[in-house]
Amino acid sequence: MKKIFLAFALAWSALTGAIAQTPPQTSGPALKIGVIGPLSGPSSDFGLPMLNGVKLAIDEINAFGGYLGRPLELVIKDDQANPELGLKLSEELVAQKVIATIGFCNTGVAMKSIDVFQASRTPLLVPCTTGTPVTTKFAGADSYIFRNAPADAIQAPFMVDEIVARGWNKVAVFADNTGYGEAGLQDVKKALAKKKLEPVYVGRFDLGIKDVTEQLKEARKAGANVLFIYTIAPQNAVIANGRHALGWKVPQVGAWALSFPLFIGDAREAAEGSLMALSFVAEPTNERRASFLASYARKFDGPRIPVPMAAAQAYDATYLLAHAVLSLRSEQLNGPGIKQALENPKRAYYGVGPPTTGHSAAVTATR
């Protein structure tokens, strides 16, 4: 494996040097690629890093000549984490003849929109949304929906294994009333059932709620010794602060939103000890990751990525799409052709994120 990474790094370095000496020539109209996600609003904390990851990859790919000298051009849409707006913008992307789209950070938004991509046979690559139904609605052989983010069907059992190993077996689940919260709740219940456990308490709430004190009291009364949360970062902070105000010292665990700056900044000391599943840690553990982190810092003027997983997985999704496109002749450059190429890659891609297949990714526990 070290030899493979070294060979890749040397090839990358040689190609970069060649590009610096001979800039590629454009020889045709741009290929349009859609990008959609929450670039403003409460979910922009990971929507913007997702967009930046795509932009970084596109710049690199275009520097190598794009597709046979034709540049790749982004068509960017801000869904504001709003399902109805996401649907409208998805229809616009298809109408604008994008060859594929990368995007979605919110399960509810994605679920409202994926029929548009499926019906038009426009491949959709999902680098952030983790709700399990996003890639289970359509049968694999027919689906145009791909994902390199770890689905909650992977994250939830992983975290359940972790908390049970630590002796936390009385689980209270708090889940918001979005598609993300509902899907996450069902995945946690399934994972607990395999351990012959069930939640001692389930709390549901709407986004924007400022106080869950009464629900926390009910969970404590039920004997919970761990809180498993499925919601976005600001609501995670509301729960953590409520638990802290009650003086209730139980661990708070969940998916990757517990690592987001909005959670850490709003919860402060109440965030201490939170345990979450992560698919990428911003450490230069190999040549590819080191290159990505350095390039991201240069392009976006700072070493710190607010949500590293969103940026890294979007960067990888863009390269996976590019590898598929570059394997096709121009007459094959359509939805079915790209789908076939994504499913049957002609060469390996060594990404900066976790090893992935169509619907799975590795995760690690971090606190």
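A short tour of the structure in this document, coming up. (Residues numbered from 1 in each chain as written. Predicted model: local features only at pLDDT ≥ 70, side-chain atom pairs only at ≥ 80, totals over all residues. Heavy atoms only, no water.)

Re the packing of aromatic side chains
Part 1 of the argument: Enumeration over the complete set of coordinates arrives at 13 aromatic pairs.
Part 2 of the argument: A ring pair is formed by Tyr 319 and Tyr 349, whose centres lie 5.7 Å apart and whose planes are at 10 degrees; its orientation type is stacked. Placement of the pair is Tyr 319 in helix H11 (residues 308-326) and Tyr 349 in the loop between helix H12 (335-343) and strand E11 (364-366), with a sequence separation of 30 residues. Considered together, Tyr 319 and Tyr 349 belong to a single accessibility category, that of buried residues.
Part 3 of the argument: Within the aromatic cluster, the residues linked to one another by ring pairs are Phe 280, Phe 292, Tyr 296, Phe 300, Tyr 315, Tyr 319 and Tyr 349. (Phe/Tyr/Trp six-rings, centres within 6.5 Å; stacked < 30°, edge-to-face > 60°. Helix = DSSP H or I, 4+ residues; strand = E, 2+ residues; numbered from the N terminus. Buried < 20%, exposed > 50% of the residue type's maximum accessible area, 1.4 Å probe, protein only.)

Re the nonpolar core
Part 1 of the argument: With 79 residues, the main nonpolar core has Phe 228, Trp 256 and Phe 292 as its most contacted residues.
Part 2 of the argument: With 12 residues, the single largest contributor to this core is H11.
Part 3 of the argument: Not counting residues up to four positions away in its chain, the partners in contact with Phe 228 are Ala 156, Met 159, Val 160, Ile 163, Val 171, Ala 172, Val 173, Phe 174, Val 188, Val 253 and Gly 254.
Part 4 of the argument: Formed by 15 residues, the second largest nonpolar core is a distinct cluster that contains Val 75, Leu 89, Val 126 and Ile 145. (Core = buried A, V, L, I, M, F, W, Y, C linked by side-chain atoms within 4.5 Å. Contact = heavy atoms within 4.5 Å.)

Points about the sheet that holds strand E4 (residues 124-126)
Part 1 of the argument: Pairing is parallel across the open sheet formed by five strands, whose spatial order is E2-E1-E3-E4-E5. In the strand order of this sheet, the two ends are held by strand E2 (72-78) and strand E5 (145-147), each with one partner. For this sheet, the mean angle separating the axes of adjacent strands, direction not counted, is 25 degrees.
Part 2 of the argument: With four bridges connecting them, strand E1 (residues 31-37) and strand E3 (residues 100-103) associate as parallel partners. Bridge assignment links Val 35 to a residue of E3, and that residue is Ile 102.
Part 3 of the argument: Sitting on the sheet, helix H4 (residues 107-120) touches E3, E4 and E5, and the angle it makes with E5 is about 120 degrees. (Pairing = 2+ DSSP bridges. Axes fitted to C-alpha atoms, helices over the stretch in contact; angles between N-to-C directions.)

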